[in-house]
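Chain and residue survey
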Amino acid sequence: MPIDRAQVRHVARLARLALSPEEEDRFAAQLAHVLEYIERLQGVDVEGVEPLSFAGDAKAGLPLRADEPGPCLPREQVLSQAPEHDGEAFLVPRIIE
Amino acid sequence: MKADLLPLSGISDALAAGEVSPEALLEASLERIRALDARLRAFLRLTEAEARTAAKASSQRRKSKKPLGPLDGVPVGLKDIFCMEGVETTCGSKILRGYVPPYDATVVRKLKQAGAVIVGKLNMDEFAMGSSTENSAFGPTMNPWDLSRTPGGSSGGSAAAVAARMVAGALGTDTGGSIRQPAAMVGCAGMKPTYGRVSRFGAIAFASSLDQVGPLAQDVRGVAYLLSAIAGHDPNDQTSSPRPVPDYAATLDKSVRGLRIGVPAEYFGEGLAPEVEKAVRAGVDKLRAQGCEIREISLPNSPHAIATYYIVATAEASSNLARYDGVRYGHRAKANQLLEMYEKTRAEGFGAEVKRRIMLGTYALSAGYYDAYYLRAQKVRALIRRDFDQAFAAVDAVLSPTSPTTAFRLGEKMDDPLAMYLNDVYTVPANLAGLPGISVPAGFDSKSLPIGLQLIGKPFEEETLLRIARAAEPAAQRAPPIVEGR
Amino acid sequence: MPVSDFEPVIGLEVHAQLLTRSKIFCGCPTRFGAPPNTQVCMVCLGLPGALPALNEAAVEMAIKAGKAFGCRIAERSIWARKNYFYPDLPKGYQISQYELPICSGGAVPVPGLGSIGLTRIHLEEDAGKNIHTESGSKVDLNRSGVPLIEIVGEPELRSAEDASEYLKALRLALIYLGINDGNLEEGSFRCDANVSVRRKGEKKLGTRVELKNINSFRFVRQAIEFEIARQVEAIESGAKVVQETRLFDNEKGVTRSMRSKEEANDYRYFPEPDLPPLRVSREWIDRVAVPRLPRQVADELAAAGVSQADARTIVADPRLVEVHRRVGGDPKRAALFVVGELARAVNENEVDLDELKFDPALVREVWKLQDAGTLSSTAAKDVLAELIRSGEAPQRIVERKGLSQVSDAGALEAVVDAVIARSPGEVEKYKGGKTALLGFFVGQAMKDLKGKGNPGALNALFKKKLG
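Keep in mind that this is a model prediction, so the values were computed, not measured.

Every contact between the two is made by 31 residues of chain C and, on the other side, 37 residues of chain B. Taking both sides of the interface into account, the surface hidden between chain C and chain B amounts to around 2700 Å²; carbon and sulfur atoms contribute 60%. Looking only at chain C, the three residues that lose the most surface to chain B are Pro-48, Leu-51 and Phe-85 of chain C, adding up to 23% of its buried area. At the junction of chain C with chain B, the criterion picks out one salt bridge. Its salt-bridge partner being Asp-274 of chain C, residue Arg-200 of chain B comes within 3.0 Å of it at the nearest N-O pair. If you look at where chain C meets chain B, you find 18 residue pairs in polar contact (both at pLDDT 80 or more). Of all elements in the fold, only strand 4 (80-83) and strand 16 (270-271) of chain C reach the threshold of two or more residues within the side of chain C that touches chain B. Grouping the constituent residues of the side of chain C that touches chain B by class yields 22 nonpolar, four polar and five charged.

So, in structure tokens, the structure goes:
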């Protein structure tokens, strides 16, 4: 299943990854190789099979959380990890619409 | 100091007998790290100050014979995937270099509550993606048995640190084999519990439906102690199970006579190194000699496991790693506008393997491909689970090699991602099916490289699994030559 | 105008914040207006290693809405991730529901329109707030993780006016249910509109355009009207309507195309692996109590004889419904009180409907006094006004202000006789046909009684005595 450069670029944009032209080529080849291997799944008979998205205990998740407000993180601590902030909010560069 | 060369349970006994103090153990640990880690590079950072405080407190408790449990005073290491409040946690990635979490992972909190002495954070493949620890942004870790080889991955640092006797035990995570495979590569025990047995809260996510936190130690009893300390329901993780946690060490020595062990034909075929097969079959004989019934079984959908895994895991990972966008924490690239910031930040912050997997996962979920890839993979996953359910009607555990080969050379598989993925062929099925699995040492090959034997058990029956593992593990544990200074 | 050859087809999507105390997946408070980034934790910040923990009350409120609108409530529903990048979305995905929502079907009763069908109702988390500045954006994540229900209406609306009525009815219903505060300005109740047009008689649906940024009822009408006209004009001039999302510019009154976000529209939905499927037992569903909806209250008032206009006034404000209920007694009389004295007090800012100073049940005390003749109707109004203002017991108000009137037949008769006796001229004129002089007599009697006579009784007595 060859995957061309345009597809690689599209996927990279969806994933917000900047790729150099060299990377685009390299990833296209490597992904194609992996996808070729994955093609074998197309031959499996999955008629009537329910997808297994949750492999955990049927009793997991209960009881649900009670609606009680709890402690928050201090803002200083939160912003201390931020690459850019103004003491109140995270700052990000402008969005070009 | 002899005690520090003992396996975890031996160290625990020595502490209980007052033969050694937590402080002395910590010193021995730090000493060995100083002696060996420049070459092994298992540790990313040490938490010496916290460890000293913990050792001192533990010492008081041990002196007054009021220990918190078998782990009180035992030096342990944590894969750098676990959030530890106030301590840099990178997940092996540049994108989190300098990131300091404001909270402890639940398992970290539990280890602290058990009195364990946390010595430092251990190296790993970036975001747990890899089978050799070569994908760490901070350089690889070496295999203590042969410095030109990898210790496996992604919990390579954890495995190397235990095997090199730098710590008595460690925590890792296992998504497709990342505890079991490195344990096999370095000759220690490593376990992935049943999905939901241990909380994932605070363990940085790779693939949410596959990730599990698990213990590594030289001996199965040590693994049992660690598992007892970290297992249990966590209201912060709604995928965790509310089932009560038994004392996993309590039934370890019970006889395994009459237990039925399934040996799947599909796991002993092409690609398996002959010496590995020989050692694993010897392990089968050892269990047979102790009264286990050995049965040939079939897990017919095994050949599809790797393909299934690399769709499901990468799809979930592509979503889990979207939060690394430079907005609130971690690396941010210089850029004048937002889109550029996102794309450059992630390009600069992520390594090649992470980018590859994000791309693959995004592709598998994207419009037009979801049904053919992700949905189909989740259906094949159900079939793989069904194979095990059917097998477990007739056997109590499934036995196989942990890895098709022993430790490979650094750089050997870096050019071919698919070749690297195929290392996981025996380990990924347990993750896909949510089953507990453990690797125990099963001898060495002609190059003196360790071989691992894997056991897979029924959901939430870790007790039985550990019992069989205990019966299979070697009586004495040889330390790698480097430990003795050779 | 060619517009009349076309039929608009409108479906509304409403996002309503739920009035839970904590967020949907973490324990942070949901209070509006806190300083930026002071109501956040590792979960709603999307910190590495954080996991969602579902809030039971959010599910309960969704069940309540589902029951109220007659939806099918799924005993098993699935959480899904909606993946996209935006600074106010910390995880890079929103936890929502996609293939198997908690509620499907149902309908919202709308005065004048019967009822408008619903497609589904599902639970999801809100994003934070992005505030645009000169140099970029400021991101406040207080709102990240607040629970939302998304209510998707069937495209059964056929005009901007109808859309506005639907929205008003839905908003009021959610307020009645106690699950949303209906605040459009603060953004706790938000609406997007899907608008298409087709030639009258045509069965096929036209191309759908999504309108965003509509934050008042007036703008709903404006935006939809503009969009209908725009689409008709496009079709009439031979162009095609492009399927897209448009923003409403409320200053210029126009809709504007957002820059093409076709890549952003690939949300790559997949089941959320961090949450097991949501299981809601039959027993839980049955247990959830559903308050009366506006239509039920309106029907009950109508059945009690309350006029349509008065019923509409009361139903429009659930606080008025509550006061009406607490007054009790004759529903029609209670309604008159609510739209009369109470409404007056509201207009003059003498009462805070959110914090009443009086016990509405005491209104019945005033009625008793009035019915017994102790209070004239004017006096009664006076007492009610004072009651509303201060909460003082009616009997005490009457005593303090000396408002009781004389109704005792004997006492009144004496006064009547005295007035007749001293007004022979007027008596003669009255007997001669000037019946309007009745007012004069009653007035005289009232003067003698210092205003405390029961006018009705006096009236009757004079009539009796004068023939």
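Attention shifts here to the side chain of Asp-72 of chain B. Residues and elements named next belong to chain B. With respect to the helices and strands, the residue Asp-72 is situated in the loop between helix 3 (48-63) and strand 2 (75-79). In this structure the side chain of Asp-72 is engaged in a polar contact, spanning 2.7 Å, whose partner is the side chain of Arg-61. Other than its neighbours up to four places away in sequence, Asp-72 contacts Leu-15, Ser-58, Arg-61, Arg-62, Pro-67, Ala-114 and Gly-115.

In terms of nonpolar packing, the biggest core is built from 239 residues, with Phe-127 of chain B together with Phe-69, Tyr-166 and Ile-224 of chain C touching the most fellow members. Ignoring any residue separated from it by four or fewer positions in sequence, one finds Ile-224 of chain C in contact with Ile-10, Leu-12, Ala-160, Ala-163, Ala-193, Val-195, Leu-211 and Phe-219 of chain C.

Interhelical geometry of helix 1 (residues 5-14) of chain A versus helix 11 (residues 352-365) of chain B gives an angle of 95° and a closest axis separation of 9 Å. Judged on the interaxial angle alone, helix 11 of chain B and helix 1 of chain A are roughly perpendicular. In contact with Gln-7, Val-8, Val-11, Ala-12 and Leu-14 of chain A of helix 1 of chain A, helix 11 of chain B contributes Met-359, Thr-362 and Tyr-363 of chain B. Tallied by class, the residues present in the contact of helix 1 of chain A with helix 11 of chain B amount to six nonpolar, two polar and no charged.

Sheet faces and side chains relate simply in a regular strand, where the side chains alternate between the two faces. Residues and elements named next belong to chain C. Most of strand 8 (residues 114-125) sits out of view: nine of its twelve residues are buried. The sheet contact formed by strand 6 (residues 103-104) and strand 8 spans two bridges and is antiparallel. In the sheet register, Cys-103 faces strand 8, and the bridge partner there is Ile-121. Examined bridge by bridge, strand 7 (residues 107-110) and strand 8 share four bridges and lie antiparallel to one another. Each bridged residue has a counterpart across the sheet, and for Val-108 the counterpart in strand 8 is Ile-116.

Moving on to the interface of chain A and chain B. Between chain A and chain B, the contact holds 59 residues from the first and 72 residues from the second. With both sides pooled, the region where chain A packs onto chain B buries about 5500 Å², and carbon together with sulfur makes up 67% of that total. With a shortest N-O distance of 3.5 Å, Arg-332 of chain B and Glu-84 of chain A are connected by a salt bridge. Between chain A and chain B we count 23 residue pairs in polar contact (both at pLDDT 80 or more) in total. For the side of chain A that touches chain B, the elements supplying multiple residues, two or more each, are helix 1, helix 2 (21-38) and strand 1 (90-93) of chain A. Residue composition of the side of chain A that touches chain B, grouped by class: 36 nonpolar, ten polar and 13 charged.

About the thresholds
- Residues numbered from 1 in each chain as written.
- Chains lettered and ligands numbered in written order.
- Predicted model: local features only at pLDDT ≥ 70, side-chain atom pairs only at ≥ 80, totals over all residues.
- Heavy atoms only, no water.
- Contact = heavy atoms within 4.5 Å.
- Buried area = accessible area lost by both parts, 1.4 Å probe.
- Salt bridge = Lys/Arg side-chain N within 4 Å of Asp/Glu carboxyl O.
- Polar contact = N/O pair within 3.5 Å; in protein donor to acceptor, adjacent residues only side chain to side chain.
- Helix = DSSP H or I, 4+ residues; strand = E, 2+ residues; numbered from the N terminus.
- Nonpolar A, V, L, I, M, F, W, Y, C, P; charged D, E, K, R; others polar.
- Core = buried A, V, L, I, M, F, W, Y, C linked by side-chain atoms within 4.5 Å.
- Buried < 20%, exposed > 50% of the residue type's maximum accessible area, 1.4 Å probe, protein only.
- Axes fitted to C-alpha atoms, helices over the stretch in contact; angles between N-to-C directions.
- Parallel < 35°, antiparallel > 145°, perpendicular 65-115°, else oblique.
- Pairing = 2+ DSSP bridges.

Nothing here speaks to function; it is geometry throughout.
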